Amino acid sequence: MDHFLYRDGALFAEDVPISEIAAAVGTPFYVYSTATLQRHFKLFDDALEGTDHLVCYAMKAASNQAILKTLAQVGAGMDVVSGGEYMRAKAAGVPGDKIVFSGVGKTADEIRTALTGGIRQFNVESEPEMEVINAVAQELGVIAPITVRVNPDVDAKTHAKIATGKSENKFGIPISRASEVYARAASLPGLEVIGIDVHIGSQLTDLAPFELAYNKVADLTAQLRAEGHNIRRLDLGGGLGIPYTRSNEAPPLPVEYGAMVKKTLGHLGCEIEIEPGRLIAGNAGLMVSKVIYVKSGEGRDFLIIDGAMNDLIRPAMYEAHHDIIAVQEPEAGVEPQPYDIVGPVCESGDTFAKQRNMPPLQSGDLIAFRSAGAYGAVMSSEYNTRPLIPEVLVNGDQFAVIRERPSFDEIINRDTIPTWL
Ligand SMILES: *Cc1c(COP(=O)(O)O)cnc(C)c1O
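On a predicted model such as this, the values are computed, not experimentally measured, just so you know.

> So what exactly am I meant to see when it comes to the overall build of the chain here?
When helices and strands are tallied, the chain shows 12 helices and 21 strands. Whereas a compact globule of 421 residues would reach a radius of gyration of roughly 22 Å, the chain reaches 23 Å, a difference of no more than 12%. A buried classification covers 55% of the 421 residues belonging to the chain. Total accessible area on the chain stands at roughly 17900 Å², and carbon and sulfur atoms take up 52% of it. Taken together, the 37 basic and 55 acidic charged side chains of the chain have centroids lying 2 Å from each other.

In structure tokens, the structure reads:
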């Protein structure tokens, strides 16, 4: 459930009409709902009730400061995958002991930043990285808490670009080598081994791959404990999928996921950490765009809109589907008609949908892409010198611009001219 609903024929974000935001900030823009963000966080938090746990929002999904503060306010920790994300989390007021550092290529500088500012744990992805964390920790005279990310070799049955838990993927260490790697970690004086980490992919629509992986983590916990390691925290990653289409069968709910976690791992007495990103932010955001032209082609009509692949790359990059709705609710009985919905960028890949049924639309009409809150704004670029589009946060009947659209001067002045020109 989200808070983007029609009222008297007009689409609202909570208590604010979308058309009012469009008039104030111009199109295209992203808009997020505070109530939806917090509700999604709470679904996970409640799902793990009764176990010692922390929900660390995977902020790569949507990392605006205002979104981080909104989630931190209700108790979220953060999962970061770069030094920049670490800085963002700190800037939003998240304490270091609620920040988890994931990612396959942490540099010595990033590790130093996190060890200096405080960190809950590093999720170590390789042996060379483990050696560097140890070296930096020793140089700073601190001990770095770590888990090792194991690759359980399970098929997440999701899009190839977001599957991470098969042995051919670049992530983690093979679970078969865990014993050896943990022994090495335990021998390094700058490290403290505290647990195990696993993350098998994103947009999973079935609990079975999670359950397979978590059972392997349960076995590994017993084995590593027997080998003398004090395994007390299990980081289970993110990855629970969201419904991108209203018609499709629904992915499992957080409460079902939580029950499965308790069933597979509850007996171990470990603190549970999860890192959901998409499920928290995905359906908490829309991208709103305006129809520039309706163009009649041969056998098909195109809606040429002012949003493009640089603003929302998921359809071009992952063949992703987004439900697209008219901001003005179609009147009952209006016959929908098929459109190809495209942006103005000079690439055929700049196509959001083909032959999508929409109410008849005209130049100037507003449309909204649903489920655009995660991996939307954060993956946008200024390709074609199209300014990054604004982000807006709604809270009840208030809204605020949380990232402004840069001016052309700001964009152009980021370039510098060498002296010889
Ligand atoms: C991307 C990522 C997540 C979040 O995945 P979602 O599918 O957005 O929930 C969590 N943990 C790690 C390590 C990731 O790389």
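> So what exactly am I meant to see when it comes to the domain arrangement of the chain here?
Bring the parts together and some accessible area is lost; that lost area is often taken as the interface size. In terms of domains, the chain is made up of domain 1 (4–31 + 282–412) and domain 2 (34–281). Opposite the 25 residues of domain 1 that make contact, domain 2 presents 25 residues. With both chains or domains summed, domain 1 and domain 2 bury close to 2100 Å², and 52% of this area falls on carbon and sulfur atoms. Sorting the residues of domain 1 by area buried against domain 2 places N283, Y318 and Y375 first, and these three jointly supply 25% of that buried surface. Applying the counting rule to domain 1 against domain 2 returns zero salt bridges. In this structure, the connection of domain 1 to domain 2 is made through 13 residue pairs in polar contact (both at pLDDT 80 or more).

> Whenever I open this one, the pairing of strand β21 (residues 398–403) confuses me. Can you help?
Each regular strand displays side chains that alternate between the two surfaces of the sheet. Direction of pairing for strand β20 (residues 391–395) relative to β21: antiparallel, over a ladder of five bridges. Each bridged residue has a counterpart across the sheet, and for V394 the counterpart in β21 is F399. Here β20 folds back onto β21 in antiparallel fashion, the turn holding two residues, of which G396 has a positive phi close to 65 degrees.

> Which parts of the structure should I look at to understand the environment of E14?
Topologically, E14 is positioned in the loop between β2 (10–13) and β3 (16–17). Judged by its relative accessible area of 10%, E14 falls in the buried class. The spacing of E14 and G396 is 382 residues in sequence and 5.5 Å in space, taken between C-alpha atoms. Excluding residues within four positions of it along the chain, E14 makes contact with H3, R7, S33, T34, A35, T36, V394, N395 and G396. At 2.8 Å, the side chain of E14 and the backbone nitrogen of A35 are in polar contact.

> Teacher, can you tell me more about the site of the ligand here?
The full set close to the ligand counts 14 residues, and K60, S202, E275, R278 and Y375 are the nearest of them. The separation between an oxygen atom of the ligand and a polar side-chain atom of K60 is 2.7 Å. When isolated, the ligand has an accessible area of 390 Å², and the protein chains bury 93% of it. Among the residues making up the shell around the ligand, the classes are represented as three nonpolar, six polar and five charged.

> Looking at this model, I keep getting lost on helix α1 (residues 18–25). Mind explaining?
Along an α-helix, a turn takes 3.6 residues, which lines up residues three or four apart on a common side. Those residues of α1 lying buried are I18, I21, A22 and V25. Angularly, the buried residues of α1 cover 100 degrees about the axis, an arc narrow enough to put them on a single face. Seen from the open side of α1, the exposed residues pointing more than 90 degrees away from its buried face are A23 and A24. Immediately beyond the C-terminal end of α1, within one or two residues, lies G26, with a positive phi of roughly 80 degrees.

> How should the packing of helix α4 (residues 83–91) against helix α5 (residues 108–117) be read in this particular structure?
When two helices pack together, their arrangement is given by the angle between the helix axes and by the axis-to-axis distance. Packing of α4 against α5 leaves a shortest axis separation of 9 Å and a crossing angle of 25 degrees. One way to sum up the angle between α4 and α5 is to call them roughly parallel. Crossing of α4 over α5 shows left-handed handedness. Contacts from G83, Y86, M87 and K90 of α4 reach α5 at E110, T113, A114 and G117. Per-class residue counts for the contact of α4 with α5 are three nonpolar, three polar and two charged.

What counts as what
- Residues numbered from 1 in each chain as written.
- Predicted model: local features only at pLDDT ≥ 70, side-chain atom pairs only at ≥ 80, totals over all residues.
- Heavy atoms only, no water.
- Helix = DSSP H or I, 4+ residues; strand = E, 2+ residues; numbered from the N terminus.
- Rg over C-alpha atoms; globule rule 2.2 N^0.38 Å.
- Buried < 20%, exposed > 50% of the residue type's maximum accessible area, 1.4 Å probe, protein only.
- Areas by Shrake-Rupley, 256 points an atom, 1.4 Å probe, with all protein chains shown as cover.
- Lys, Arg positive; Asp, Glu negative; His and termini not counted.
- Charge placed at Lys NZ, Arg CZ, Asp CG, Glu CD.
- Domains from an automatic or database assignment.
- Contact = heavy atoms within 4.5 Å.
- Buried area = accessible area lost by both parts, 1.4 Å probe.
- Salt bridge = Lys/Arg side-chain N within 4 Å of Asp/Glu carboxyl O.
- Polar contact = N/O pair within 3.5 Å; in protein donor to acceptor, adjacent residues only side chain to side chain.
- Pairing = 2+ DSSP bridges.
- Near = heavy atom within 4 Å.
- Nonpolar A, V, L, I, M, F, W, Y, C, P; charged D, E, K, R; others polar.
- Arc of directions from axis to C-beta.
- Axes fitted to C-alpha atoms, helices over the stretch in contact; angles between N-to-C directions.
- Parallel < 35°, antiparallel > 145°, perpendicular 65-115°, else oblique.
- Left-handed = near helix turned anticlockwise from the far one by under 90°.

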